[in-house]
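Coordinate analysis (summary)
The residues making up each chain are set out below.
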Amino acid sequence: MELGYFTMPSHPPECGLKEGHDWDLQTLRWLDELGYQEAWIGEHHTAPWEPHPSPDLLVAQALLQTKNLRIGPGGFLLPYHHPAELANRVAMLDHLSNGRLNFGVAASGLPSDWAMFNVDGMSGQNRDMTREALEIILKMWSEPGPWTHKGKYWTVSKPDTMFDFLKPHIKPLQGPHPPIGVAGLSKNSDTLKLAGERGFIPMSLNLNPAYVGSHWDSVEAGAAKTGRKPSRKDWRLVREVFVADTDEEAWKLSTGDMMGRMMSEYFLPLLGHFGFKDYLKHAPDVPDSDVTVEYCARRNWIVGSPATVTEKIEKIYREVGGFGVLCVFGFDYKHKPEAWRHSLDLLKNEVMPRLKHLGAEFEKAA
């Protein structure tokens, strides 16, 4: 099993945009030093608790300050970008990364973002736009011109050579393209079916493990359509993780600090508005009012000493049937940076060696 990082990025509303950006860069440097495999950076436009509208700005800077970490948007919100422009921008970023870029894509789930860009998310227009945009981007990278794609949302041409020397020429460094990751939330997720269908990296967001188990069914259902055989080694699980020297300290630093604050002020109310609190429950008959920060910390988060965290990760691994990469969900601890770095360090150097046996079945299968 490998370790990664998934960040929205999350910052409290009073945090300055550059101040938050600098914290994210610091964290990415630590991840690289500690030997984490990858980091994914989100994009949002209207959420003060998720304030970064352009993950590629953070990715470009982080690539200059790291050596081995694979970094990418997690993901670009495809309904809000012209596919031809994004195809060129991502390809250029891949060259700047020397092939360390991951390309995460997403459909956008915030109604306030839909409103800003006049996208009808309630009817699923955002998902349709995402599929079409991705189809155009992949076509731009792989099919020689001339051609014109006339879609429902975009008309894009790849022209023939003009005036002897003007022509589309920008392609990614990694062939045929950077690894593509897609994140899923809902049960029977269409997005995760797409991952299975196209061989993309499936990522399950931070929900109750019992619920997340159904996500692999979606990946397999999609893969069956195209005759692919998906590997659980590619499956990423995003979880809230805080490791400290003792269980008591970890509990205090998580529920009693920024993790608890973000969940109580933003994430839980947001899921409540969408009727999504079911995604956090260990059983359907749990009332919404019981889904508190403490409930999530006990049931869903991976919080505790290295011994406790080892046990919790192994339990989740068995419950969902196995996965390849655990992605730590990012929080803003710039007021206690040493505690966050220590947590990342303990996870990598104390916990992971005790979990070496997990994933051995993938190696045998390969």
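What counts, and where the lines are drawn
Residues numbered from 1 in each chain as written. Predicted model: local features only at pLDDT ≥ 70, side-chain atom pairs only at ≥ 80, totals over all residues. Heavy atoms only, no water. UniProt positions renumbered as here; feature names shortened; annotations may be inferred. Helix = DSSP H or I, 4+ residues; strand = E, 2+ residues; numbered from the N terminus. Salt bridge = Lys/Arg side-chain N within 4 Å of Asp/Glu carboxyl O. Buried < 20%, exposed > 50% of the residue type's maximum accessible area, 1.4 Å probe, protein only. Patch = residues over 30% accessible without salt bridge, like charges linked within 9 Å, V, L, I, M, F, W, Y side chains within 5 Å. Areas by Shrake-Rupley, 256 points an atom, 1.4 Å probe, with all protein chains shown as cover. Arc of directions from axis to C-beta. Contact = heavy atoms within 4.5 Å. Pairing = 2+ DSSP bridges. Axes fitted to C-alpha atoms, helices over the stretch in contact; angles between N-to-C directions.

- You can read under Sequence similarities (unreviewed entry) in the UniProt record for the protein chain the words "Belongs to the bacterial luciferase oxidoreductase family."

1. Overview of unusual backbone geometry
- The omega torsion across Gly74 and Gly75 is 5 degrees, close enough to zero to call that bond cis.
- Across the junction of Gly175 and Pro176, the peptide omega takes the value -10 degrees, indicating a cis bond.
- With respect to the helices and strands, Pro176 occurs in the loop between strand S7 (155-158) and strand S8 (180-184).
- Of note, Phe163 is a non-glycine position whose phi angle comes to about 50 degrees, a positive value.
- Structurally, the position occupied by Phe163 is in the loop between S7 and S8.
- A positive phi is found at Asp164, a non-glycine position, where the angle reads about 75 degrees.
- Within the secondary structure, Asp164 sits in the loop between S7 and S8.

2. Concerning the pattern of salt bridges
- Scanning all chains against the criterion turns up 16 salt bridges.
- When the shortest N-O distance is used, the salt bridge between Asp288 and Lys281 registers 2.5 Å.
- On the basis of relative accessibility, which here comes to 39%, the residue Asp288 falls in the partly exposed class.
- Judged by relative accessible area, which is 7%, Lys281 ranks as buried.
- Across the pair Asp332 and Lys334 runs a salt bridge whose closest N-O atoms are separated by 2.5 Å.
- Using a relative accessible area of 26% as the deciding quantity, one classes Lys334 as partly exposed.
- One network of salt bridges, with partners in common, ties together Glu14, Arg261 and Glu265.

3. Observations regarding a nonpolar patch on the surface
- A cluster of nonpolar residues, Met162, Phe163, Phe165 and Leu166, forms a patch on the protein surface that exposes about 480 Å² of accessible area.
- Mapped onto the fold, Met162 is located in the loop between S7 and S8.

4. A few points about helix H8 (residues 247-254)
- Listed in full, the buried residues belonging to H8 are Ala250, Leu253 and Ser254. Seen along its axis, H8 keeps its buried residues to an arc of 95 degrees; they face one direction. Across from the buried face of H8, at angles greater than 90 degrees, the exposed residues are Glu248 and Lys252.
- Where H8 is buried, its residues meet strand S11 (241-243), helix H9 (258-274), strand S12 (302-304) and helix H12 (337-351).

5. With respect to the sheet that holds strand S1 (residues 2-7)
- With parallel pairing, the 9 strands of this open sheet are ordered in space as S3-S2-S1-S13-S10-S9-S8-S5-S4. Both outer strands of the open sheet, strand S3 (70-73) and strand S4 (76-77), are each paired with one neighbouring strand and no more.
- Bridge analysis of S1 against strand S13 (residues 325-329) gives 5 bridges, and the strand direction is parallel. Considered in S13, the bridge of Phe6 is made with Phe329.
- Together, strand S2 (38-41), S3 and S4 form the strand contacts of helix H2 (residues 55-65), whose direction differs from that of S3 by roughly 165 degrees.

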